[in-house]
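Report on the structure
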Amino acid sequence: MTAASPSTPLRVALAGLGTVGAGVLALLQRNLPLIARRAGRPIIVTAVSARDRQRDRGVAIADLAWEDDATALASRPDVDAVVELIGGADGPALTLARAAMAAAKPFVTANKAMMAHHGLELATAAEQAGVPLKFEAAVAGGIPIIKGLREGAAANSIAAVHGILNGTCNYILSRMERDALEFSDVLADAQALGFAEADPSFDIDGVDAAHKLAILSAIAFGSKPDFAAVAIHGIRPVRLVDIHQAAALGYRIRLVGHAEQAAAKLLQRVQPVLVPLAHPLAAVKGPLNAVVAEADHAGRLIFMGAGAGAGPTASAVVADLMDVARGERGPAFAMPVAQLVAMAPADPSERQARHYLRLRVADRPGVLAEVAALLRDSGVSIERLNQPAPDADGSVHLMIVTHLVAEWAAGAAPGARGGRRAVLAPPLIMPIMEEEQFA
Ligand SMILES: NC(=O)c1ccc[n+]([C@@H]2O[C@H](COP(=O)([O-])OP(=O)(O)OC[C@H]3O[C@@H](n4cnc5c(N)ncnc54)[C@H](OP(=O)(O)O)[C@@H]3O)[C@@H](O)[C@H]2O)c1
């Protein structure tokens, strides 16, 4: 990339004109003078690609060059930088990323799936080509968390990051609590309102949050992005009864992406967690996202805002383009690829915590004592035990809060000899976030 004079516009190609792509066009049209003053030069879109050329996208594209094959954008002489907003870990998005690197063109993407799976390859290619690879919009939409950690907190050693990284899950959990609704009812409503996809599995099963966590971990800990090492549990098993029980105990259930360094190992997991009401993550409601980073010198850093949507996501994409326009080309994952280390994954089930257990049990006398004995035999000591009234479907549940115990031990009792007679279904186990973690 050669240095541009202040009056030379940065000429951009946009691949994908959906929610985010159209949002980027709209934002650039609206704020262009301000953006040009801040970036030192205008940013203009010269060429675009999508599947359907005729579709009305609510923004003018008639004057822009069109490519049916998005890959062709990378080699156009009137394109200085490529923006990928198609989505998907592989396929046309990855082909375009590789083509942009091969053409030594700066590359901006909002694609967390691709960055989680192929981030290392792309960062290596970007370094070799001497071009920036930027993906602020890939994690927590409009929240400048990548810049915040990579630049603002660059001098700190980060002990842990916790994040609410999926707005759909947070919306569902918030609505279950606010309106006393079951998971399936809120999901249907969220789909009707556009907060959840027709196929919501990537969101509610925690995969989307895990993509973002893998990217965040690499930046926070200087580790090679390792999506396969993220332990993933989604929110499907969470019931209204759990929300009520958690509230009675002083907690709110949140899908939390958590990463921490333990010795030379890296723990990464996404799962529903009981968050104390006083913790900043408990205050995050509706489709918002938030990330809390524990930094050794800056202390606790809290980032919160809109994790999705046309405006917020376009804001992050265009901020990356402004960095490109200024000629900034820091390493993708906060340090050169050669400095990133492959950290061995820590086993989350070994982590000691108090745990919340919900067990569906047989409706007969003595079952409570049987379960207590099973837990005792597995080395699990009980801090609280509660048996709420049977569900509408007649299911009988036991809610248990354990003392400090490894998750595997908390989950072992129901599967132990005799456990299957008393416990009728796999238990729901959620760790409890402790007050000390944020004192
Ligand atoms: N939506 C959000 O709030 C949000 C937030 C953060 C990150 N992201 C990420 O941003 C990316 C885009 O998301 P989105 O919500 O904007 O998706 P979207 O609304 O589904 O838009 C995808 C776009 O890609 C185009 N496309 C599909 N296949 C293509 C191909 N082979 N060649 C060229 N164009 C192709 C589609 O064309 P047609 O329009 O012609 O069908 C559409 O314009 C994804 O990586 C997503 O994870 C989205």
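The present account deals with the structure reproduced in this document. (Residues numbered from 1 in each chain as written. Predicted model: local features only at pLDDT ≥ 70, side-chain atom pairs only at ≥ 80, totals over all residues. Heavy atoms only, no water.)

Before going further, it helps to spend a moment on unusual backbone geometry. The phi angle of most residues is negative, glycine excepted, and most peptide bonds adopt the trans form. Even without a glycine there, the phi angle at Ala104 is positive, about 55°. Within the element layout of this structure, Ala104 appears in the loop between helix H2 (91–102) and strand S5 (107–109). A relative accessible area of 34% places Ala104 in the partly exposed class. Of note, Ala263 is a non-glycine position whose phi angle comes to about 55°, a positive value. (Helix = DSSP H or I, 4+ residues; strand = E, 2+ residues; numbered from the N terminus. Buried < 20%, exposed > 50% of the residue type's maximum accessible area, 1.4 Å probe, protein only.)

Taken together, 22 residues lie around the ligand, and Leu17, Val20, Asp52, Arg57 and Gly309 are the ones closest in. Here Lys112 contributes a side-chain N or O atom positioned 3.3 Å from an oxygen atom of the ligand. Between an oxygen atom of the ligand and a main-chain N or O atom of Gly309, the distance comes to 2.6 Å. Within the complex, the protein chains bury 79% of what would otherwise be the 900 Å² of accessible surface of the ligand. (Near = heavy atom within 4 Å. Polar contact = N/O pair within 3.5 Å; in protein donor to acceptor, adjacent residues only side chain to side chain. Areas by Shrake-Rupley, 256 points an atom, 1.4 Å probe, with all protein chains shown as cover.)

Moving on to the pattern of salt bridges. Counted by the stated rule, this structure contains 24 salt bridges. A salt bridge links Arg175 to Asp189; the shortest N-O distance between them is 2.7 Å. Residue Arg175 is found in helix H5 (residues 167–179), and its partner Asp189 is found in helix H6 (residues 183–193); the two are separated by 14 residues along the sequence. Residue class for Arg175 comes out buried when judged on its relative accessible area of 12%. Residues Glu370 and Arg364 are paired through a salt bridge, measuring 2.7 Å at the closest nitrogen-oxygen approach. The exposure class assigned to Glu370 is partly exposed, which follows from its relative accessible area of 28%. Salt bridges sharing partners connect three or more residues here, namely Lys134, Lys147, Glu151, Asp323 and Arg326. (Salt bridge = Lys/Arg side-chain N within 4 Å of Asp/Glu carboxyl O.)

Next up on the list: the sheet that holds S5. Reading across from one edge, S3-S2-S1-S4-S5-S6 is the order of the six strands in this open sheet, with parallel pairing throughout. At either margin of the open sheet sits one strand with a lone partner, and together these are strand S3 (65–66) and strand S6 (133–134). By the bridge criterion, two bridges tie strand S2 (residues 43–49) to S3 in an arrangement that is parallel. By the bridge assignment for S3, Ala47 is matched with Ala65. Contacting strand S1 (10–15) and S2, helix H1 (residues 19–39) runs over the sheet at an angle of about 165° to S2. (Pairing = 2+ DSSP bridges. Contact = heavy atoms within 4.5 Å. Axes fitted to C-alpha atoms, helices over the stretch in contact; angles between N-to-C directions.)

Glancing now at the nonpolar core. Counting residues in each nonpolar core, the largest one holds 87 residues, and the members touching the most others are Leu133, Phe135, Ile145, Ile172 and Phe333. With 11 residues, the top contributor of residues to this core is helix H8 (residues 207–221). If near-sequence neighbours (up to four positions away) are discounted, Phe333 is found in contact with Met115, Gly119, Leu120, Ala123, Phe135, Ile215, Ala218, Ile219, Pro225 and Leu340. Counting residues in each nonpolar core, the second largest holds 34 residues, with Leu27, Trp66, Ala110 and Ala314 among its members. (Core = buried A, V, L, I, M, F, W, Y, C linked by side-chain atoms within 4.5 Å.)

Here we come to helix H4 (residues 145–152). Among all positions in H4, only Ile145, Ile146, Gly148, Leu149 and Arg150 are buried. Contact partners of the buried residues in H4: S6, strand S7 (158–164), H8, strand S11 (288–295) and strand S12 (299–306).

Any functional reading would require information that these geometric values do not contain.
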